[in-house]
Amino acid sequence: MRGWWREIAGLVLPVACGGCGRPRTELCAACAHALAGAPPRRVRPAPEPAGLPVVHAAAPYAGAVRELLLAHKERGALPLAGPLGGALAGAVAAATLPGKGPADGPLLLVPVPSSRRSVRARGHDPTRRIALAAAARLRRSGRPARVVPVLRQRRYVADQAGLGARGRFANLSEALEVVPGGARLLTAGRVVLVDDLMTTGASLAEAARALGAVRPPFIHGIPHGLPAGSAQHGIEQRVAAVIASSPASFEINRNSPETWIVAGGER
């Protein structure tokens with residue numbers, strides 16, 4: 001019955017795959033495989049900005065994956081939030097495997113915030129929508145998770161499109177902050193920064209800085225009295241997951257040994 005109804009709906013309201021344009025499906029099998037058919041991997045941009053978290057990505061930002069992200073973000077293909085959230089959930093799971101940081105408590109997915117004007121222009125907040133879908137997928141797999149949108153822009157930020165790495169870093173420097181009262185929400189579990197895409201790493205590095213500015217007593221698993229910005233203080237903020245990253249960041253990762261931040265040191 002469900003398949004029959006989808007066929008009829010496809011005739012009345014034409015649907016095409018967001019990745020390749022194939023008719024009568026929102027996401028074809030080939031594009032779904034491009035999005036989440038391979039295990040998520042750690043990625044590194046070049047140059048790698050100071051303070052960048054350990055980032056895992058589900059797929060390279062190219063071809064069908066690029067089109068799927070653009071269809072959801074810019075063209076309002078909201079049903080794609082489900083499969084995109086599934087891909088993000090896989091990257092979050094890879095970033096938080098047992099033995100890679102604090103394990104107790106739920107996963108707290110902190111989205112990198114969009115500007116209010118971009119949310120108004122698009123009619124939705126794509127990163128938050130995908131994060132919610134990722135948290136739901138993680139819960140269905142048995143991992144407690146919820147979205148904690150505690151970051152906001154504290155000043156004007158220009159559109160990142162068209163800016164190079166240096167311009168993006170300058171544009172985002174000191175641009176984010178934790179909302180009043182948000183710090184206490186971070187005490188309940190393990191923080192994982194999430195975004196749909198990493199290019200230069202500027203957004204994730206700035207988000208990590210903003211979270212790292214929260215005083216230690218509010219951060220789960222961090223001993224009281226450590227100075228903000230210390231290696232120990234930043235352990236949890238230096239874990240992140242994205243759906244896609246530049247193909248070059250996967251190539252760099254292929255030839256780099258995977259190391260992890262531990263108490264008292266950095267990668």
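A brief structural summary. Residue numbers run consecutively from 1 along every chain, following the written order of its sequence. Restriction of local features to residues with pLDDT of at least 70 applies here, the model being predicted, together with a cutoff of 80 or more for giving and counting side-chain atom pairs; totals for whole chains, interfaces and linings are based on all residues. Hydrogens and water molecules were not included; the side-chain quantities draw on all heavy atoms of the structure.

## Thoughts on the overall build of the protein
Item 1. Scanning the protein for helices and strands turns up 10 helices and 8 strands.
Item 2. Any pair of residues with heavy atoms lying within 4.5 Å of one another is described as a contacting pair. Sequence-distant contacts in the protein: of pairs separated by 6 or more residues, those separated by 24 or more amount to 73%.
Item 3. Surface accessibility follows the Shrake-Rupley procedure with a 1.4 Å probe radius. Residue values consider only the protein chains on display as shielding. Summed over all atoms, the accessible surface of the protein reaches about 12800 Å², with 57% contributed by carbon and sulfur. Counting from the N terminus, the helices are DSSP H or I runs at least four residues long and the strands are E runs at least two residues long.

## Remarks on the packing of helix 4 (residues 81-95) against helix 6 (residues 126-140)
Item 1. The interhelical angle for the contact between helix 4 and helix 6, taken along N-to-C directions, is 65 degrees, at an axis separation of 7 Å. Both helix 4 and helix 6 take part in a crossing whose hand is right-handed. Each of Ala81, Gly82, Leu84, Gly85, Gly86, Leu88, Ala89, Val92 and Ala93 in helix 4 lies in contact with helix 6, whose residues at this interface are Arg129, Ile130, Ala131, Ala133, Ala134, Arg137 and Leu138.
Item 2. Of the residues belonging to the contact of helix 4 with helix 6, the class tally is 11 nonpolar, 3 polar and 2 charged. Every angle, taken between N-to-C directions, lies between 0 and 180 degrees, and every axis is a line fitted to C-alpha atoms, over only the stretch in contact when it is a helix. By definition, any crossing whose near helix is turned counterclockwise from its far helix by less than a right angle is left-handed, and any crossing with a clockwise turn is right-handed. Gly is put with the polar residues, along with every residue not named as nonpolar or charged; the nonpolar set is Ala, Val, Leu, Ile, Met, Phe, Trp, Tyr, Cys and Pro, and the charged set is Asp, Glu, Lys and Arg.

## Points about the sheet that holds strand 3 (residues 107-111)
Item 1. The pairing criterion is simple: DSSP has to find at least two bridges between the two strands. Here we have 6 strands laid out as an open sheet, ordered 1-2-8-7-3-4, and mixed in their pairing. Each edge of the sheet is formed by a strand with only one pairing partner; in this case those strands are strand 1 (41-43) and strand 4 (145-147). Across this sheet, the average inter-strand angle for adjacent strands is 35 degrees, counted without regard to direction.
Item 2. In the sheet, strand 3 pairs with strand 7 (residues 190-198) via 5 bridges, with the strands oriented parallel.

## Examining the nonpolar core
Item 1. Grouped together as the largest cluster of nonpolar side chains are 35 residues, with contacts concentrated most on Leu84, Leu88, Val92, Leu109, Val192 and Ile243.
Item 2. The element contributing the most residues to this core is helix 4, with 7 residues.
Item 3. The residues contacting Leu84, other than those within four sequence positions of it, are Leu35, Leu68, Leu69, His72, Ile130 and Ile243. The nonpolar core is taken to be a set of buried Ala, Val, Leu, Ile, Met, Phe, Trp, Tyr and Cys residues, with the residues joined through side-chain atoms within 4.5 Å. The cut-offs for exposure are 20% and 50% of the maximum accessible area for each residue type, with area from a 1.4 Å probe on protein chains only; residues under the lower value are buried, those over the upper are exposed, and the others partly exposed.

## Details of the side chain of Thr200
Item 1. In this fold, Thr200 is placed in the loop between strand 7 and helix 9 (202-212).
Item 2. For Thr200, a relative accessible area of 16% corresponds to the buried category.
Item 3. A polar contact is formed between the side chain of Thr200 and the backbone nitrogen of Ala202, at a distance of 3.2 Å. Residues adjacent in sequence count toward polar contacts only when both atoms are side-chain atoms; beyond that, a polar contact is any pair of N or O atoms within 3.5 Å, and within protein one must be able to donate a hydrogen and the other to accept it.

## A closer look at unusual backbone geometry
Item 1. Cis geometry marks the peptide bond from Ala46 to Pro47; its omega dihedral reads 0 degrees.
Item 2. Structurally, the position occupied by Pro47 is in the loop between strand 1 and strand 2 (54-60).
Item 3. Here the phi dihedral of Arg24 falls at roughly 70 degrees; this positive angle occurs in a residue that is not glycine.
Item 4. Secondary-structure assignment places Arg24 in the loop between helix 1 (2-12) and helix 2 (29-36).
Item 5. Of the residues examined, Arg24 reaches a relative accessible area of 45% and is grouped as partly exposed.

## Examining the environment of His33
Item 1. Here His33 is to be found in helix 2.
Item 2. C-alpha separation for the pair His33 and Ala59, spaced 26 residues apart in sequence, amounts to 9.9 Å.

## Topic: the environment of Gly201
Item 1. Relative to the helices and strands, Gly201 resides in the loop between strand 7 and helix 9.
Item 2. When the C-alpha positions of Gly201 and Glu48 are compared, they lie 7.1 Å apart, and in sequence the two are 153 residues distant.
Item 3. Excluding anything up to four places from it in sequence, Gly201 contacts Pro45, Pro49 and Leu52.

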